[in-house]
Amino acid sequence: EDVSAVTRGWQDNPVEFDHVFNQSRRTWLWGSPDITRMFAKRHEHVTDAYYSAEEENFAAKDLTILDTWVFNRVADMFKQAETNQTLQNELGQGRVFFFLHLLGLDSNGHAYRPHAPEYYGNMAHVDRGVRGIANLFENYFQDNRTAYVFTSDHGMGNKGAH
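This report concerns the structure included in the present document.

Here is what the cut-offs are and how they apply
- Residues numbered from 1 in each chain as written.
- Predicted model: local features only at pLDDT ≥ 70, side-chain atom pairs only at ≥ 80, totals over all residues.
- Heavy atoms only, no water.
- Helix = DSSP H or I, 4+ residues; strand = E, 2+ residues; numbered from the N terminus.
- Buried < 20%, exposed > 50% of the residue type's maximum accessible area, 1.4 Å probe, protein only.
- Contact = heavy atoms within 4.5 Å.
- Areas by Shrake-Rupley, 256 points an atom, 1.4 Å probe, with all protein chains shown as cover.
- Core = buried A, V, L, I, M, F, W, Y, C linked by side-chain atoms within 4.5 Å.
- Pairing = 2+ DSSP bridges.
- Axes fitted to C-alpha atoms, helices over the stretch in contact; angles between N-to-C directions.
- Phe/Tyr/Trp six-rings, centres within 6.5 Å; stacked < 30°, edge-to-face > 60°.
- Salt bridge = Lys/Arg side-chain N within 4 Å of Asp/Glu carboxyl O.
- Parallel < 35°, antiparallel > 145°, perpendicular 65-115°, else oblique.
- Nonpolar A, V, L, I, M, F, W, Y, C, P; charged D, E, K, R; others polar.

## Quick look at the overall build of the chain
- Counting secondary structure elements, the chain contains 6 helices and 3 strands.
- Of the regular secondary structure in the chain, the N- to C-terminal order runs α-β-α-β-α-α-β-α-α.
- For the chain, the proportion of its 162 residues judged to be buried stands at 33%.
- The long-range fraction of contacts in the chain, counting pairs at least 24 apart against all pairs at least 6 apart in sequence, stands at 56%.
- A total of about 9,900 Å² of accessible surface is found on the chain, and carbon and sulfur atoms cover 51% of it.

Below is the structure:
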């Protein structure tokens, strides 16, 4: 995605480049539709799940619900894999990629500021959630070959601005 898209209200403005999604055999994305749809609609082997506009309510008191939504959907998919042979085959083919877009932490940082109890609470929530997802992956795959990449789109100043 062309980074200048942010100045045009996140309108779709694709830039062709080589990235992990198009190098994978199978990719799953969870999170904000503004992010996941950009990638899923261009690749048949990419599946995304995203929360609704109502669930992505930036006026909500506690936006950790967005991160909880993502963690729960990932766990649900792996639960389905216990009885779904097609999903088991897709997960076992190698070069699979999972992308978890955790918007709650960013949103709570903007809403409450980075040193607020709500922000620190969301950080602890994300730490627990990531630990749970890592355990889920390790228990499912049991191959000691899972790589984890953590990234952020920006930092945040003390007043909640980029």
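## Things to note about the nonpolar core
- By size, the foremost hydrophobic cluster in this structure holds 19 residues, and its most contacted members are W30, M77, F78, L91 and F98.
- Secondary structure elements with two or more residues in this core: β1 (26-31), α3 (64-80), α4 (85-91) and α6 (117-141).
- Element by element, the count of residues in this core is highest for α3, at 7 residues.
- For F98, the residues in contact, after removing those within four places along its chain, are W28, W30, M77, F78, L91, F137 and F141.
- Core analysis: the next-biggest nonpolar cluster, separate from the first, contains 7 residues, L29, I35, F39 and A40 among them.

## A few points about the sheet that holds β1
- If you walk across this open sheet you meet the 3 strands as β2-β1-β3, and the pairing is parallel. Strands with a single pairing partner mark the edges of an open sheet, and in this sheet they are β2 (46-50) and β3 (96-100). With direction set aside, neighbouring strand axes in the sheet form an average angle of 10°.
- Sheet topology places β1 next to β3; 5 bridges connect them, and they run parallel. Considered in β3, the bridge of W28 is made with F98.

## Considerations on the packing of aromatic side chains
- Scanning the entire structure with this criterion turns up 13 aromatic pairs.
- Ring geometry for F78 and F98: centres 5.6 Å apart, planes at 55°, overall tilted. Of the two residues, F78 sits in helix α3 while F98 sits in strand β3, which places them 20 residues apart along the sequence.
- For F98, a relative accessible area of 16% puts it in the buried group.
- One aromatic cluster in this structure is built from W28, W30, F78, F98, F137, Y140, F141 and Y148.

## As for the pattern of salt bridges
- If you walk through the whole model with that rule in mind, you get 3 salt bridges.
- Linking E82 and K79 is a salt bridge whose minimum nitrogen-to-oxygen distance equals 3.3 Å. Taken as a pair, E82 and K79 share a single burial class, namely exposed.

## A look at the pairing of β2
- Relative to β2, β1 runs parallel, the two sharing 5 bridges. Of the residues in β2, the one forming a bridge with W30 is A49.

## Topic: helix α2 (residues 33-40)
- Residues of α2 that are buried: I35, T36, M38, F39 and A40.
- Buried residues along α2 sit in contact with α1 (20-23), β1, β2 and β3.

## Some thoughts on the packing of α3 against helix α5 (residues 103-112)
- Where α3 meets α5, the closest approach of the two axes is 7 Å, and the angle between their N-to-C directions is 175°. Between α3 and α5, the angle falls in the class roughly antiparallel. Contacts from T64, L66 and D67 in α3 reach L103, G104, L105, S107 and N108 in α5.
- Here the contact of α3 with α5 is composed, by residue class, of 3 nonpolar, 4 polar and 1 charged.

Functional significance is not addressed by these values, which are geometric in nature.
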